[in-house]
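# Chains, contacts and geometry: an overview
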Amino acid sequence: MPKPLKGVRVLDLTKVLAGPLCCQYLGEMGAEVIKVEPLGGDETRGWPPFRGPGLGAVFLSANRNKRSIAVDLKTQAGRDIVHRLAERADIAIESFGTGVVERLGIDAQTLRQLNPRLIYCSISGFGRTGPMRDAPGYDVILQAFCGVMALTGDAAGGHIRSPISPIDQMTGTHALSGILALLYQRAMTGKAGTVNVSLYDTAMGLLGYNLQTYWEKGVQPPKCGSSHEALCPYQAFEAQDGPIMIGVANDHLWRKFCAAAGLEAIVDHPHFRSNADRVRNRSATLVHVQTALAARTVAHWHEALSRAGIPCSPINSLAQLLAHPHTAASGIVLDYEHPTGGRLKGIGQPVRFDGEPAQPGLPPPDLGAHTDAVLAEIGFSAADIASLRDERAVA
């Protein structure tokens with residue numbers, strides 16, 4: 001079956017993670033994506049570890065199903081190339097600093113005058129308005145600025161960065177949802193438009209229930225480590241031979257947990273009967289639960305609690321995750337061949353259409369690997385391309 005976005009053309013003017021991930025998802029849905037890179041390439045090409053020159057791990061993770069052209073947008077010839085590409089594109093996505101696309105002449109107004117059906121998405125750190133609009137934004141900076149880092153880790157610990165770059169990745173996902181909404185609008189009404197997303201707005205969105213709690217209580221929530229401020233017991237505990245995560249998220253699960261863990265004596269105690277009671281008496285609750293779990297192994301508790309329907313998990317390493325039979329059965333890990341990098345693995349888009357797992361498609365491109373082919377497709381002759389190379393407008 002054709003993929004949902006077959007025939008859709010995407011102009012990827014982004015770098016690092018949020019924008020490239022959004023464009024990779026569009027590519028995995030069947031869109032044709034052309035990644036326009038500076039002559040030195042997307043900066044993540046230089047972030048170790050490397051599979052080969054220009055193939056940093058972060059770049060490999062977010063740039064499948066694209067073709068790469070290397071263009072100097074500071075030259076008029078380079079800008080003209082982007083204009084030609086925009087004339088035939090359905091979607092353009094950029095992640096430059098505020099004001100840069102206007103200076104380069106590749107802003108929404110300019111490109112949508114060339115192609116009124118173009119959907120234009122702008123990704124920024126702090127948005128395009130407000131006092132912080134010019135500030136550079138990386139995921140960790142927004143974790144700090146928006147208070148995420150003040151919530152992360154243990155109360156006695158230092159400042160902890162969430163290592164999965166959740167703000168970057170969710171910003172890419174929000175960009176994707178906005179673009180898909182405008183594709184639908186255009187199909188229904190003929191009207192395209194613009195999408196604006198920022199790491200700041202994403203971080204604020206992710207903080208929704210934390211901020212709601214703050215407004216209700218009026219105090220900074222404490223760092224909770226692996227636990228949850230509103231639930232108990234809901235955290236990692238030490239079993240006889242290692243840690244196990246327990247998620248007793250309601251009173252029905254509490255009763256089942258007490259039966260499985262031999263804590264029937266406290267199940268209806270007024271200090272522990274309801275979740276609100278357990279949260280008020282958190283320290284005493286945790287002593288009872290920890291004492292019970294310390295008596296048996298992680299494997300025992302994982303099997304016994306899972307059998308009772310209680311959410312739980314060993315705290316796996318990445319190696320343990322990848323070796324688990326469920327990972328193999330899920331089909332989420334992709335195996336593919338790269339023309340210069342050899343055999344590689346990647347993680348597919350976590351969306352399935354008609355029950356089918358993702359397929360790897362095109363490997364992440366080498367820098368400028370498709371410059372000549374793409375330029376030929378939009379009307380440049382071999383002599384034109386040679387001239388552009390001589391001018392250092394492309395590479």
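Residues numbered from 1 in each chain as written. Predicted model: local features only at pLDDT ≥ 70, side-chain atom pairs only at ≥ 80, totals over all residues. Heavy atoms only, no water.

### Considering the sheet that holds strand 2 (residues 32-37)
Short version of the rule: Note on pairing: two strands pair once DSSP finds at least 2 bridges between them. The secondary structure listing takes helices from DSSP runs of H or I that are at least 4 residues long and strands from runs of E that are at least 2 residues long, numbered from the N terminus. Fitted lines through C-alpha atoms serve as axes, helices being fitted only where they are in contact, and the angles separating the N-to-C directions of these axes extend from 0 to 180 degrees. Contacts were defined at the residue level, with two residues in contact if any of their heavy atoms lie within 4.5 Å.
Strand order across the open sheet formed by six strands is 3-2-1-4-5-6, with parallel pairing between neighbours. The open sheet is flanked by strand 3 (67-70) and strand 6 (193-198), the only strands paired with a single partner. Neighbour-to-neighbour, the strand axes of the sheet open up by a mean angle of 20°, direction not taken into account. The sheet contact formed by strand 1 (residues 9-13) and strand 4 (residues 91-94) spans four bridges and is parallel. Counted as the bridge partner of Asp12 is Ile93 from strand 4. Running over the sheet, helix 3 (residues 76-87) touches strand 1, strand 2 and strand 3 and is turned about 150° from strand 1.

### Some thoughts on the layout of surface pockets
Counted only if it meets this: We place a 1 Å grid over just the protein atoms. Points where a 1.4 Å probe fits but has no way out form a cavity, open points with protein on both sides within 12 Å along at least 5 of 7 lines form a pocket, and any residue with an atom within 4 Å of a point lines it. Grid points are joined across faces, edges and corners, and a volume is the space filled by probe spheres set on the points. In the scheme used here, Gly and all other residues not listed as nonpolar or charged are polar, with Ala, Val, Leu, Ile, Met, Phe, Trp, Tyr, Cys and Pro taken as nonpolar and Asp, Glu, Lys and Arg as charged.
Quantified by volume, the largest pocket comes out at close to 1,200 Å³. Forming the boundary of the largest pocket are 33 residues, of which Ala57, Ser61, Gln169, Gly346 and Ile347 lie nearest the centre. Of all elements in the fold, only helix 1 (18-28), helix 2 (57-61), helix 7 (166-189), helix 14 (318-323), helix 15 (325-330), strand 10 (333-338) and strand 11 (342-347) reach the threshold of two or more residues within the lining of the largest pocket. Considering only residue class, the lining of the largest pocket consists of 21 nonpolar, nine polar and three charged.

### Here's the deal with the packing of aromatic side chains
The condition is simple: Ring geometry is summarised as follows: Phe, Tyr and Trp rings, the Trp one being its six-membered ring, pair when their centres sit within 6.5 Å, and such pairs are stacked at plane angles under 30 degrees, edge-to-face over 60 and tilted between the two. Type-normalised accessible area, obtained with a 1.4 Å probe on protein chains alone, sets the label of each residue: buried when under 20%, exposed when over 50%, and partly exposed for intermediate values. The rule is short: NZ of Lys or CZ of Arg within 6 Å of the ring centre and within 35 degrees of the ring normal puts a charge over the ring.
In this structure the tally under the stated criterion is four aromatic pairs. An angle of 65° between the planes, with centres 6.3 Å apart, marks the rings of Phe145 and Tyr200 as edge-to-face. With Phe145 in helix 6 (residues 139-145) and Tyr200 in helix 8 (residues 199-206), this pair connects stretches of sequence that are 55 residues apart. With a relative accessible area of 45%, Phe145 lands in the partly exposed category. What makes Tyr200 partly exposed here is its relative accessible area of 26%. Put simply, the rings of Phe126, Phe145 and Tyr200 touch in pairs and so form one group of aromatic residues. Just above the ring of Phe380 sits the side chain of Arg84; from NZ or CZ to the centre is 3.9 Å.

### Structural notes on helix 10 (residues 251-261)
Basically, it comes down to this: The directions considered for the arc run from the helix axis to the C-beta atoms. For this analysis, a polar contact is any N or O atom pair within 3.5 Å, provided that within protein one partner can donate a hydrogen and the other can accept it, and provided that sequence-adjacent residues contribute only side-chain to side-chain pairs.
Buried within helix 10 we find Leu253, Trp254, Phe257, Cys258 and Ala261. Buried positions in helix 10, seen along its axis, are confined to an arc of 135° and lie on one side of it. Contact partners of the buried residues in helix 10: strand 8 (242-247), helix 11 (275-280), helix 12 (282-293) and helix 13 (298-307). Structurally, the start of helix 10 carries an N-cap: the backbone nitrogen of His252 is 3.1 Å from a side-chain oxygen of Asn250.

### A closer look at the pattern of salt bridges
Going by this rule: Any Lys or Arg side-chain nitrogen located within 4 Å of an Asp or Glu carboxyl oxygen qualifies as a salt bridge.
Overall, the coordinates contain 19 salt bridges when judged by the stated rule. Of the charged contacts, one joins Glu37 and Arg45 as a salt bridge, the two residues approaching to 2.7 Å between their closest N and O atoms. Summarising the burial analysis for this pair, Glu37 and Arg45 share the class buried.

### What to know about helix 13
Taken residue by residue, helix 13 has Val298, Trp301, Ala304 and Leu305 as its buried positions. Down the axis, helix 13 shows its buried residues gathered within 140° of arc, on one side only. Every exposed residue of helix 13 that faces more than 90 degrees away from the buried side is listed here: Ala299 and Arg307. Each element contacted by the buried residues of helix 13 is listed here: strand 7 (234-239), strand 8, helix 10, helix 12 and strand 9 (312-314).

### Digging into the side chain of Asn63
Tracing the sequence through the fold places Asn63 in the loop between helix 2 and strand 3. In this structure the side chain of Asn63 is engaged in a polar contact, spanning 2.8 Å, whose partner is the side chain of Lys66. Every residue in contact with Asn63, bar those within four places of it in the chain, is listed here: Pro20, Gln24, Lys35, Pro363, Pro364 and Pro365.

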